[in-house]
Each structure stands twice: as C-alpha cells, then as structure tokens.
Amino acid sequence: MVRVAVAGATGYAGGELLRLLLGHSEVEIGALTAGSSAGQRLGEVHPHLTPLADRVIEGTTVESLAGHDVVFLALPHGHSAALAAQLPDTVTVIDCGADFRLRDESDWTTFYDTPYAGAWAYGLPELPVGGGRQRDALVGTGHIAVPGCYPTAVSLALAPGFAAGLLDPADVVVVAASGTSGAGKSLKPHLLGAEVMGAMSPYGVGGGHRHTPEIEQNLTAASGADGSQVRVSFTPTLAPMPRGIIATCTARLRQGASGADAAGIREAWAKAYADEPFVHLLPEGQWPSTASVLGSNCVHVQVTFDERAGRVIAVAAVDNLTKGTAGAAVQCMNLALGLPETTGLPVAGVAP
Ligand SMILES: NC(=O)C1=CN([C@@H]2O[C@H](COP(=O)(O)OP(=O)(O)OC[C@H]3O[C@@H](n4cnc5c(N)ncnc54)[C@H](OP(=O)(O)O)[C@@H]3O)[C@@H](O)[C@H]2O)C=CC1
Ligand SMILES: CC(=O)N[C@@H](CCC(=O)OP(=O)(O)O)C(=O)O
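Residues numbered from 1 in each chain as written. Chains lettered and ligands numbered in written order. Predicted model: local features only at pLDDT ≥ 70, side-chain atom pairs only at ≥ 80, totals over all residues.

## Describing the sheet that holds strand β15 (residues 299-306)
Phase 1: Sheet architecture is open: 7 strands sit in the order β11-β12-β10-β13-β16-β15-β14, paired in mixed fashion. What marks the edges here is a single partner per strand, and that holds for β11 (201-202) and β14 (279-281).
Phase 2: As paired elements, strand β13 (residues 245-253) and strand β16 (residues 311-318) share 8 bridges and run antiparallel to each other. Along β16, the bridge assignment pairs Ile245 with Val318.
Phase 3: Across the sheet, helix α6 (residues 149-163) is in contact with β10 (167-178), β12 (232-238), β13, β14, β15 and β16; its angle to β13 comes to roughly 30°. (Pairing = 2+ DSSP bridges. Helix = DSSP H or I, 4+ residues; strand = E, 2+ residues; numbered from the N terminus. Contact = placed C-beta atoms within 7 Å. Axes fitted to C-alpha atoms, helices over the stretch in contact; angles between N-to-C directions.)

In structure tokens, the structure reads:
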C-alpha cells in the first residue's frame, strides 16, 4: 500500500483529495495536517468524510509529513517550497498550489507576490507537447505541480488547435466562470455570501489574473517548436454555484493553416482526445455543462467554427475541485508511482 499524507486537509482541495483517496484501492491515508485547525477532529470540518471523522488534525510540520510515500500539499500559495525542501528524497511531493507551476521567473514575479520557487513537472497529463503528451514527464517523477483549475479547462479546450497549427497565437480570448469553491474556504472580499448569491461578476479583468501566464505557457508548449508565444486575453467570472468551471474560449484561425475548416477542426480535436480516459469531446451539437462533470475527473469539451466571425469556439467544463485540483493530483500520483493512471478516479458525475 502507498502511505499518503495530506497537508491542508481541512481546506476544499484537501477535502476533495481525501474523498478520492478513500476510494483508491492502493492507498492508506496517513497524516492529515493543517494550520489553525490542528487539534480538531476532521469530522468537525468535513462531516461528509465519514470514515475519517474521528481522525485528529495535526500541525503541518516536516516531522508530521516525513515517513510517507506521498505527500499532497494543499496549502495556500507560498507554503510549499520550504516544506518540500526539507522532506526526504524518498517522498513523492504533489503540490496543488501554484508555487512550482511557472517556468518563467519573470511571469511569476509579475503575477505573484512571493519569491520564485522554481518549476516542477507540470501535472496536466493530457496536454500535447513536442509530439507526445505531458504524461511522459510525470512517470516516475518525485515532484509534481498540479495545474490551476482555470488553466486545466482552458488549456484542454484549446490545445488541440494549437498542436495542429490551426490557431492564431496572437488572437485568443477566454471568458470562464467558476464556482465559489475555487477561491478556497477563507473569506475573500469578492466572495461575500449576499453579493455572490444570484449574481455573476467578472474579476481580475484586464489581463491581471495570475492564471494568464500559466494558460499561455501551456498553449505555447502545445504549439510545438515552430509555434510562437501564445497570448491570451483571459477574464474570469464568479458564478453563484459551489463547484464547476465553464471556459468559453475563442481564437482566430491561423492564416494559411491547412485543415482550417469545420471538418478539419473537429478532426483535430477528435484525434487529440480519442485515447484520453478523462477528456471527452462531446457529440456534435452537444455543449458542456458544469452539472455533467460534478464530482467527476472528466473534462467535457466541444468545438465549432463560427464561420461568420472567422473564429474557432471551444468550450470546456470541469469540476474545479476534482479534475481542476484533487483528481488531477491523484492522477499525477498514479503516473508518478507507475499505477494505472485511472485508479481511484471517478469518470461518472453526480446528477441532477
Ligand atoms: N479551490 C480550488 O478550486 C483549487 C485550489 N487549488 C490550490 O490548492 C491549495 C489549497 O486551496 P483550497 O483548498 O481551495 O484552500 P482552503 O483555503 O480551502 O484551504 C487551505 C488549507 O491550508 C491550511 N493552511 C492555511 N494556512 C496554513 C499554514 N500557515 N500552515 C499550515 N496550513 C495552513 C488550512 O488549514 P486551516 O483549516 O487550519 O486554516 C486549509 O487546510 C491552494 O494552493 C490552491 O491554489 C488548486 C486548484 C483549484
Ligand atoms: C473563484 C476563484 O477565486 N478562483 C481562483 C482560482 C482557483 C485555482 O485554481 O487556483 P489556484 O491557482 O489557487 O490553484 C482564483 O481566481 O484565484
């Protein structure tokens, strides 16, 4: 059995990790750690995790985390580097935070307010890179950075078009809506209950959202060696629902690209995801909905060509806490340890 610890067990991402790990046949759940809730029973914080209700939360220290095969870090940004540096090399560390996602230090400095920690293997297995998939970089690796939830949805929506050389890297526009759990459990000014209920509102408008460079990094990687740097205009929106992201992404066709018609576009997306267990291109005419991926590790994708506007429109839906964080983290653990990639991961959602 693989012995795992979860740091940040009382948070939304930590809770979802534990829900999935409880159903994982190869895992034994070890230490559960957090910050101010140390000493409480997990059942006081996550009553839905019935089998773990009596487990006591420990403080997050190197001592409490060492001695496990795998440590999941589901802590606020900026906490991972110091902890990871002190853990023995024998521990596989999977970070749900942003600390090790960006390869470009100046992007980090521009979008985050903590010192740059470096870059780990990026945990989006399905991303097409250099003629292969990002999963190749995850097999057997000891340190993995789990993607942000918006970058997962947006990158998987658009990557096939960049991998096939169909899309203009300078003309990409994304508007995505997220459920409120994306912001974590602590109170945030834009998340006051009375304002959030019954309203949708954009935030981080004008190119300032920290997921912008992460999306650009992924789509540039998908474009391959001949592709230019992809630039994205990204606007996130808060939606009055607990979970789910729907990303509506549009891009102009690249001038002179071969296969740049409705049939060629569909073929590129179908080919990209034909063998992916968690990414489903929906039948033509059916559009993704957050409700259909609730609690599942699946991403639903659809693509079409708006001929009048000359733009490709790709839409993806994910559960921000499952494929958007915890499901991806478990998928990465499976790859890192050489277990079947799909072990312990739900492919069916919860409906209605
Ligand atoms: N929510 C989401 O959809 C996504 C989240 N993530 C990432 O996952 C990580 C966790 O996010 P999320 O679960 O939403 O956040 P939450 O705010 O819900 O949870 C944060 C967790 O970290 C613990 N914590 C806070 N401060 C400290 C500290 N100083 N020392 C030790 N533990 C501490 C909290 O413990 P306590 O209860 O004691 O305060 C809690 O367990 C973040 O890095 C986030 O970026 C990634 C993708 C999507
Ligand atoms: C609704 C909401 O506030 N969402 C978060 C993103 C959640 C996520 O994926 O983010 P991490 O990069 O923190 O892992 C945000 O916009 O910052």
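## Regarding the sheet that holds strand β5 (residues 92-95)
Phase 1: Strand order in the open sheet formed by 7 strands is β3-β2-β1-β4-β5-β9-β6, and the pairing between neighbours is parallel. One side of each edge strand has no neighbouring strand; the edge strands of this open sheet are β3 (58-59) and β6 (121-122).
Phase 2: Here strand β1 (residues 2-7) runs beside strand β4 (residues 70-73); their pairing, made up of 4 bridges, is parallel. By the bridge assignment, Ala5 is partnered in β4 with Val71.
Phase 3: Relative to the sheet, helix α1 (residues 12-22) contacts β1, β2 (27-34) and β4, its axis offset from that of β1 by approximately 160°.

## Side note on the site of ligand 1
Phase 1: Around ligand 1, the surrounding shell holds 31 residues, and the nearest of these are Gly11, Ala13, Gly35, Gly97 and Gly184.
Phase 2: Secondary structure elements with two or more residues in the shell around ligand 1: α1 and α10 (322-337).
Phase 3: Ranked by residues supplied to the shell around ligand 1, first place goes to α1 with 3 residues.
Phase 4: Residue composition of the shell around ligand 1, by class: 11 nonpolar, 19 polar and 1 charged.
Phase 5: Two domains share the shell around ligand 1, each providing at least three of its residues, namely domain 1 (2-147 + 322-337) and domain 2 (150-318). (Near = placed C-beta within 6 Å. Nonpolar A, V, L, I, M, F, W, Y, C, P; charged D, E, K, R; others polar. Domains from an automatic or database assignment.)

## As for the environment of Val279
Phase 1: Position of Val279 relative to the elements: it lies in strand β14.
Phase 2: For the pair Val279 and Ala157, spaced 122 residues apart in sequence, the C-alpha to C-alpha distance is 9.6 Å.
Phase 3: Not counting the four nearest positions on each side in its chain, Val279 is found in contact with Glu126, Leu156, Tyr273, Val299 and Val301.

## A look at the UniProt feature "domain: Semialdehyde dehydrogenase NAD-binding" (unreviewed entry) in the protein
Phase 1: Mapped onto this numbering, the UniProt entry annotates "domain: Semialdehyde dehydrogenase NAD-binding" (unreviewed entry) at residues 3-135.
Phase 2: In this annotation, residues 3-135 is assigned 25% helix and 22% strand; the end-to-end C-alpha distance for the span is 23 Å. (UniProt positions renumbered as here; feature names shortened; annotations may be inferred.)

## Quick word on the UniProt feature "active site" (unreviewed entry) in the protein
Phase 1: UniProt feature "active site" (unreviewed entry): in the numbering of this structure it lies at Cys149.
Phase 2: In this fold, Cys149 is placed in helix α6.
Phase 3: Given 30 C-beta atoms within a 10 Å radius, Cys149 is considered buried.
Phase 4: Apart from residues lying up to four places away in sequence, Cys149 is in contact with Ser178, Gly182, Ile245, Val318, Asn320, Gly324 and Thr325. (Buried ≥ 20, exposed ≤ 12 C-beta atoms within 10 Å, placed from the backbone.)

## Quick look at the pairing of β16
Along any regular strand, the residues point their side chains to alternate faces of the sheet.
Phase 1: Of all 8 residues in β16, 6 are buried; the element is thus mostly enclosed.
Phase 2: Across 7 bridges, the pairing between β15 and β16 is antiparallel. Among the inter-strand pairings, Thr304 is bridged to a residue of β16, identified as Ile313.
Phase 3: Connecting β15 to the antiparallel partner β16 that follows it, the hairpin turn spans 4 residues, and Gly310 within it adopts a positive phi of roughly 70°.

## Digging into the domain arrangement of the protein
Phase 1: If you check the domain split of the protein, you get domain 1 (2-147 + 322-337) and domain 2 (150-318).
Phase 2: Between the C-alpha centres of domain 1 and domain 2 there is a distance of 24 Å.
Phase 3: Taken together, the 23 residues of domain 1 in the interface contact 28 residues of domain 2.
Phase 4: Elements with a contribution of two residues or more to the side of domain 1 that touches domain 2: α5 (105-111), β7 (128-129) and α10.
Phase 5: By residue number, the principal contributor to the side of domain 1 that touches domain 2 is α10, which donates 6 residues.
Phase 6: Classifying every residue of the side of domain 1 that touches domain 2 by side-chain character gives 11 nonpolar, 6 polar and 6 charged.

## Considerations on α6
Think of an α-helix as 3.6 residues a turn; residues three or four steps apart then line up on the same face.
Phase 1: Between the first and last C-alpha of α6 there are 21 Å, a value that for 15 residues agrees with the 21 Å anticipated at 1.5 Å per step.
Phase 2: Along α6, the largest kink reaches about 35° and is centred on Ala157; proline Pro160 follows within four residues of it.
Phase 3: With 15 of its 15 residues buried, α6 lies for the most part within the structure.
Phase 4: Backbone geometry just downstream of α6 places Gly165 in the positive-phi region, at approximately 70°. (Expected span 1.5 Å × (residues − 1). Bend = angle between axes of the 7 residues up to and from the residue.)

## Regarding helix α9 (residues 262-273)
Phase 1: Here α9 contains 12 residues, and its C-alpha end-to-end distance of 17 Å stays within 8% of the 16 Å for a straight helix at 1.5 Å per residue.
Phase 2: Burial in α9 covers these residues: Ile265, Ala268, Trp269, Ala272 and Tyr273. Within α9, the buried residues cover an arc of 110° as seen down the axis, which keeps them to one side. Structural note: α9 exposes Ala263 and Ala270 on the side pointing more than 90 degrees away from its buried face.
Phase 3: Packing partners of the buried residues in α9 comprise β7, α6, β14, β15 and β16. (Arc of directions from axis to C-beta.)

## Overview of the packing of α6 against helix α8 (residues 212-223)
Phase 1: The N-to-C vectors of α6 and α8 enclose an angle of 25°; their axes lie 8 Å apart at closest approach. As far as their axial angle goes, α8 and α6 are roughly parallel. Our pair here, α6 against α8, has a crossing hand that is right-handed. Facing α6, whose interface residues are Pro151, Val154, Ser155, Leu158, Ala159, Phe162 and Ala163, α8 presents Glu214, Ile215, Asn218, Leu219, Ala222 and Ser223.
Phase 2: Grouping the amino acids of the contact of α6 with α8 by side-chain chemistry returns 9 nonpolar, 3 polar and 1 charged. (Parallel < 35°, antiparallel > 145°, perpendicular 65-115°, else oblique. Left-handed = near helix turned anticlockwise from the far one by under 90°.)

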